[in-house]
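Take a look at the letters that make up each chain.
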Amino acid sequence: MINEVLEETRDRMGKSQDSFEKEMGKVRTGRASQAILDGVRVDYYGTQTPLPQMATVSIPESRLITVKPWDVSVINEVEKAILKANLGLTPSNDGKLIRISIPPLTEERRKEIVKVVAKTCEDYKVAVRNIRRDSNEMLKELQKDGEISEDDSFKGQKQIQDLTDKYIQKLDEIFEAKEKEILEV
């Protein structure tokens, strides 16, 4: 019983960490990253298609992203979708390839981005703590129903707290790495 609760807790906390890592990949740092375009959807013959599924996205230089649609006839739709995604990027189209230049960030803008990232990190920490609370409540419910002893319940709660500490530390490490990347000029 306790192992099932711990496994579910570990799984849910792991998903929170993965989600946070994905979100951090989308944050602009003044350097080119393919993850910036992951959320862009293109109207491809009436279907909203994710950009990476219909084009080759590459990073030839640290401040340049190139997008080469597999079907050149939709290059204008791809360009419109990038503009519509409101990423603060301006694509230029030469008929076969779209180039997106990543402008350097100002010091003030970098600090604003760090604040947003810190808030996002705190939100994910709250989510991990909520998972801890839910798991502890499950253990207390099992104890109340007589399925586990009081000692087992306390042991399980300690293991859940250890997991919580571990995942919060991982979130902090991801945040610190991203903060360093953002503030790096």
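Quantities reported herein were computed from a predicted structural model and do not represent experimental measurements.

Next up on the list: the side chain of threonine 120. Following the sequence through the fold, threonine 120 ends up in helix 3 (residues 107-144). Its relative accessible area of 13% is what places threonine 120 among the buried residues. Not counting residues up to four positions away in its chain, the partners in contact with threonine 120 are Phe20, Glu23 and Met24.

Turning to the packing of helix 3 against helix 4 (residues 150-183), a few remarks are in order. When two helices pack together, their arrangement is captured by the angle between the axes and the distance separating the axes. Contact pair helix 3 / helix 4: the axes reach a minimum separation of 10 Å and the direction vectors enclose 170°. Our classification of the angle between helix 3 and helix 4 gives roughly antiparallel. In terms of residue class, the contact of helix 3 with helix 4 is made up of 15 nonpolar, eight polar and nine charged.

Close approach of charged atoms lets side chains of opposite charge pair. Tallied over the entire structure, the rule returns 14 salt bridges. Arginine 12 is paired through a salt bridge with aspartate 134; the nearest N and O atoms lie 3.3 Å apart. Taken together, the residues span a long stretch of sequence, with arginine 12 in helix 1 (residues 2-25) and aspartate 134 in helix 3 at a distance of 122 residues. For the salt bridge of arginine 109 with glutamate 112, the shortest nitrogen-to-oxygen distance reads 3.3 Å. Of this pair, arginine 109 and glutamate 112 are both found in helix 3, three residues apart, which corresponds to roughly one turn of the helix.

The alternating pattern of strand 6 (residues 98-101) places Ile98 and Ile100 on a buried face, while none of Arg99 and Ser101, on the opposite face, is buried. One ladder, built from four bridges, connects strand 4 (residues 64-69) with strand 6; its direction is antiparallel. From the neighbouring strand, isoleucine 65 faces strand 6, where its bridge partner is isoleucine 100. Turn length for the strand 5 (residues 91-93)-strand 6 hairpin, with the two strands adjacent in sequence and antiparallel, is four residues, and the turn residue glycine 95 shows positive phi of about 100°.

Let's shift gears to the environment of glutamate 23. Looking at the element boundaries, glutamate 23 is found in helix 1. Accessibility expressed as a relative area gives 34% for glutamate 23, which makes it partly exposed. C-alpha of glutamate 23 to C-alpha of alanine 35: the two residues are twelve residues apart in sequence and 9.1 Å apart in space.

Here the focus is the packing of helix 1 against helix 3. Orientation of helix 1 relative to helix 3, taken along the N-to-C sense of each, is 170°, at an axis distance of 10 Å. On the basis of the axis angle, helix 1 is roughly antiparallel to helix 3.

Let's shift gears to the nonpolar core. Residues Phe20, Val117 and Leu139 are the most contacted members of the largest nonpolar core, which totals 26 residues. Only helix 1, helix 3 and helix 4 provide two or more residues apiece to this core. A total of nine residues in this core trace back to one element, the largest contributor, which is helix 3. With residues up to four places along the chain from it excluded, the contact list for valine 117 reads Met24, Val27, Phe175, Lys178 and Ile182. Of all hydrophobic cores here, the second largest spans 20 residues; its members include Ala55, Val67, Val74 and Ile98.

Let us now look at the sheet that holds strand 3 (residues 55-61). The strands that make up a sheet pair up through hydrogen bonds in the backbone, lying either parallel or antiparallel. Here four strands make up an open sheet; going across it, the order is 3-4-6-5 and the pairing antiparallel. Strands at the two margins of the open sheet, each flanked by one partner only, are strand 3 and strand 5. Taking the axes of each pair of neighbouring strands and ignoring which way they run, one obtains an average angle of 25° across the sheet. In the packing of helix 2 (residues 75-84) onto the sheet, the strands contacted are strand 4, strand 5 and strand 6, and the crossing angle to strand 5 comes to about 170°.

Here is what the cut-offs are and how they apply
As a convention, each chain's residues are numbered from 1 in the sequence order in which they are written. This being a predicted model, a pLDDT of at least 70 is required before a residue's local features are given, and a value of 80 or more before pairs of side-chain atoms are given or counted; all residues contribute to the totals for chains, interfaces and linings. Calculated side-chain values reflect all of the structure's heavy atoms, with hydrogen atoms and water omitted. Secondary structure elements are taken from DSSP: a helix is a run of H or I of four residues or more, a strand is a run of E of two residues or more, and numbering for both begins at the N terminus. Partly exposed describes any residue whose relative accessible area lies between the buried limit of under 20% and the exposed limit of over 50%, with all areas from a 1.4 Å probe on protein chains only and scaled to the type maximum. Residue contacts follow a heavy-atom distance rule, with two residues in contact if any of their heavy atoms lie within 4.5 Å. Note on method: axes are straight lines fitted to C-alpha atoms, helices fitted across the in-contact stretch only, with angles between N-to-C directions ranging 0 to 180 degrees. Roughly parallel covers angles under 35 degrees, roughly antiparallel covers those over 145, roughly perpendicular covers 65 to 115, and oblique covers all other angles. The classification used treats Ala, Val, Leu, Ile, Met, Phe, Trp, Tyr, Cys and Pro as nonpolar, Asp, Glu, Lys and Arg as charged, and all other residues, Gly among them, as polar. By definition, a salt bridge exists where a carboxyl oxygen of Asp or Glu is found within 4 Å of a side-chain nitrogen of Lys or Arg. Note on pairing: DSSP must find at least two bridges between two strands before they are called paired. Within this scheme, the nonpolar core is defined by two criteria: the residues are buried Ala, Val, Leu, Ile, Met, Phe, Trp, Tyr or Cys, and they are joined through side-chain atoms within 4.5 Å.

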